[in-house]
Structures are given as C-alpha cells and as structure tokens.
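Single-letter residue listing:
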Amino acid sequence: MKPRSVFGASLICSFLALPVLAQENPEIGQRQGQFNLIVHNFAVLGGMAQGRVDYDADLAQTAADNLFHITRHDQSRLWPEGTDADSVDGTRALPAIWENLDDFVAKFTDLQTAAEGVQAVASDGMDALRPAVGALGAACQACHQTYRAEAS
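To start, this report covers the structure provided alongside it.

Thresholds, definitions, all that
Residues numbered from 1 in each chain as written. Predicted model: local features only at pLDDT ≥ 70, side-chain atom pairs only at ≥ 80, totals over all residues. Heavy atoms only, no water. Helix = DSSP H or I, 4+ residues; strand = E, 2+ residues; numbered from the N terminus. Expected span 1.5 Å × (residues − 1). Buried < 20%, exposed > 50% of the residue type's maximum accessible area, 1.4 Å probe, protein only. Arc of directions from axis to C-beta. Contact = heavy atoms within 4.5 Å. Lys, Arg positive; Asp, Glu negative; His and termini not counted. Salt bridge = Lys/Arg side-chain N within 4 Å of Asp/Glu carboxyl O. Polar contact = N/O pair within 3.5 Å; in protein donor to acceptor, adjacent residues only side chain to side chain.

Right, let's get into helix α6 (residues 101-121). In a regular helix each residue adds 1.5 Å, so 21 residues correspond to 30 Å; α6 covers 31 Å between its end C-alpha atoms and thus fits that length. Buried within α6 we find Phe 104, Lys 107, Phe 108, Leu 111, Ala 114, Ala 115 and Val 118. Looking straight down α6, one finds that the buried residues subtend no more than 110 degrees of arc, so they occupy a single side. Every exposed residue of α6 that faces more than 90 degrees away from the buried side is listed here: Asp 102 and Ala 120. Where α6 is buried, its residues contact α3 (26-49), α4 (57-71), α5 (96-99) and α7 (126-147).

Set out below in structure tokens:
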C-alpha cells in the first residue's frame, strides 16, 4: 500500500466516524477514533514483526510515521471527567484514569516514546523493527492493564 493509499484510507475512516462525533459525549468518539487509527497502523507493523505480513520498508515507515503523529495529537480535550465506563456507556476507560492522572499521562508519554522508537527504525529491516514494535506493544499493554476495562 502506498503512502497516499494509507492517507486516503485514514481520511475515509475519519469521515465514517463522523456520526459518532454527534453523540452526547463526543470526546469519547474522538478518542476512540484516535485509538482506532493507532490500532490500524500498529496492525501493519505487528503483522510484519510477527511474520504474518511480508516486510515492506516503505509501508512500515508510513505506518510508523502515522503512529508518531497520531500519538502527538493534543489529548487535553479528549479526557474530560465523567467520560469513564462507570459514568457513560460506550467507553472502556476506567475511572482510575482521573484518579491517577499523572500516571496515565506518564503511560501515554511512554507510548509516544515507543512510537518515536518505531519511527526511527521502521525502514531499517526486520531485526530493527521487531524489538521496537515489541516496546510499542508493551507501552500499549501497560496502560490497558491499569486503565481499560475488559471487553464485555
């Protein structure tokens, strides 16, 4: 997939998410949209790292660049109090986020650092990509273990 195709697919997904933005708490839909884009790009890299998808340096770099930029998106308006799973339907965000906001922010910073690490090595071959993708997955998991409810 060419970078233009990845951008086009991301743009289409953004427009398809617009109905979600009209809900009572649009922040939930907006942050879920952001995480869907993270998952979309992580899946490309994870598939390569696990050997399920042939390594493609250009595609890996595009996905890594996307992750870098997505994780730099301003989070300040996406996490208002009262948008946790105990307060509203449609989210898996636990109230612990707001109870331990400094730790949550630190974990998101770890995600940003891991995304930067993947971006730095994505086109350098599988030996460089695998550990960087592992670190990215670990950063995701560290936050999910503490701050995301199990799927129902």
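The next thing to look at is the side chain of Arg 31. With respect to the element layout, Arg 31 can be found in helix α3. Despite its burial, Arg 31 remains without a salt bridge, the nearest opposite charge being carried by Glu 27 at 6.7 Å. Polar contacts involving the side chain of Arg 31 include one to the main-chain carbonyl oxygen of Thr 83, which spans 2.5 Å. Each residue touching Arg 31, except ones within four places of it in the same chain, is listed here: Leu 78, Trp 79, Pro 80, Thr 83, Thr 91, Ala 93 and Trp 98.

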